[in-house]
Amino acid sequence: MKDNNGSEKGGTPGRTIISDNRKARFNYEIEDTLEAGIELKGTEVKSLRNGKANIAESYAAERGGEIWIYNVYIPEYLQANRFNHEPRRPRKLLLHKREIGKLAGAVQKDGKTIVPLKLYFNDKGRAKLELALARGKKLHDKRETEKKRDWQREKSRLLKTMG
């Protein structure tokens, strides 16, 4: 739903969100965020303008001194079938050398992960990607709670039979 500024409700004014990675906020502890441009070719821009993209299963990694994003799904643009693009091709992110160094260093030294959070058009109409340096959350061990629950059941049964 859009507000009077032309942006998504609760978002930054002038920002049109195309895809939001909600699963990332659930699976990772987000420590630092930054904005990156994304290198698009041909019909990818038209597909994004139609609001069709998915970054839920995507991830970013450093390769050859550059940061690339993998597994972003931008569907083919049906009206330009001859000049269409590959829907899940790797795409280069447009970052300054200092930002690339910061991201690559955090991944190598601290074991952090580069997670894409949002894909959007900014107020100037450029496709941007909000990235986060994140640390994986420790998942709750269900086996421990199951053991405690089973022991409580067993203990109550034993007390009933003995008493």
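Residues numbered from 1 in each chain as written. Predicted model: local features only at pLDDT ≥ 70, side-chain atom pairs only at ≥ 80, totals over all residues. Heavy atoms only, no water.

As recorded in an unreviewed UniProt entry, the protein goes by the name SsrA-binding protein, listed as coming from Roseibium salinum. According to the UniProt record, the Sequence similarities (unreviewed entry) comment for the protein is "Belongs to the SmpB family." Checking UniProt for the protein, the heading Subcellular location (unreviewed entry) contains the comment "Cytoplasm". (UniProt positions renumbered as here; feature names shortened; annotations may be inferred.)

Draft legend 1. Inspection of the nonpolar core at higher detail. Membership of the largest hydrophobic core comes to 24 residues, with the highest contact counts inside it found for Leu48, Ile67, Leu93, Leu95, Leu103 and Leu119. Counting residues per element, the ones that place at least two in this core are β2 (28-38), β4 (66-70), α3 (97-110), β6 (113-121) and β7 (127-136). Counting residues per element, this core draws most heavily on β7, which supplies four residues. In contact with Ile67, not counting residues within four places along its chain, are Ala60, Ala61, Glu62, Arg91, Lys92, Leu93, Leu95, Ile100, Leu103 and Ile114. The next biggest cluster of nonpolar side chains, apart from the first, holds five residues, and it includes Val115, Leu117, Ala132 and Ala134. (Core = buried A, V, L, I, M, F, W, Y, C linked by side-chain atoms within 4.5 Å. Buried < 20%, exposed > 50% of the residue type's maximum accessible area, 1.4 Å probe, protein only. Helix = DSSP H or I, 4+ residues; strand = E, 2+ residues; numbered from the N terminus. Contact = heavy atoms within 4.5 Å.)

Draft legend 2. Spotlight on α3. Given a rise of 1.5 Å per residue, 14 residues ought to cover 20 Å, and the 19 Å separating the end C-alpha atoms of α3 matches this to within 8%. The elements touched by buried residues of α3 are β2, β3 (59-63), β4, β6 and β7. Where α3 terminates, the next one or two residues include Gly111, which has phi positive at roughly 70°. (Expected span 1.5 Å × (residues − 1).)

Draft legend 3. Quick look at the packing of aromatic side chains. If you walk through the whole model with that rule in mind, you get one aromatic pair. Their ring planes at 25° and their centres at 5.3 Å tell us that Tyr59 and Tyr70 sit as a pair that is stacked. On the criterion of sequence distance, the pair formed by Tyr59 in strand β3 and Tyr70 in strand β4 is long-range, its members being eleven residues apart. With relative accessibility at 16%, the residue Tyr70 sits in the buried group. (Phe/Tyr/Trp six-rings, centres within 6.5 Å; stacked < 30°, edge-to-face > 60°.)

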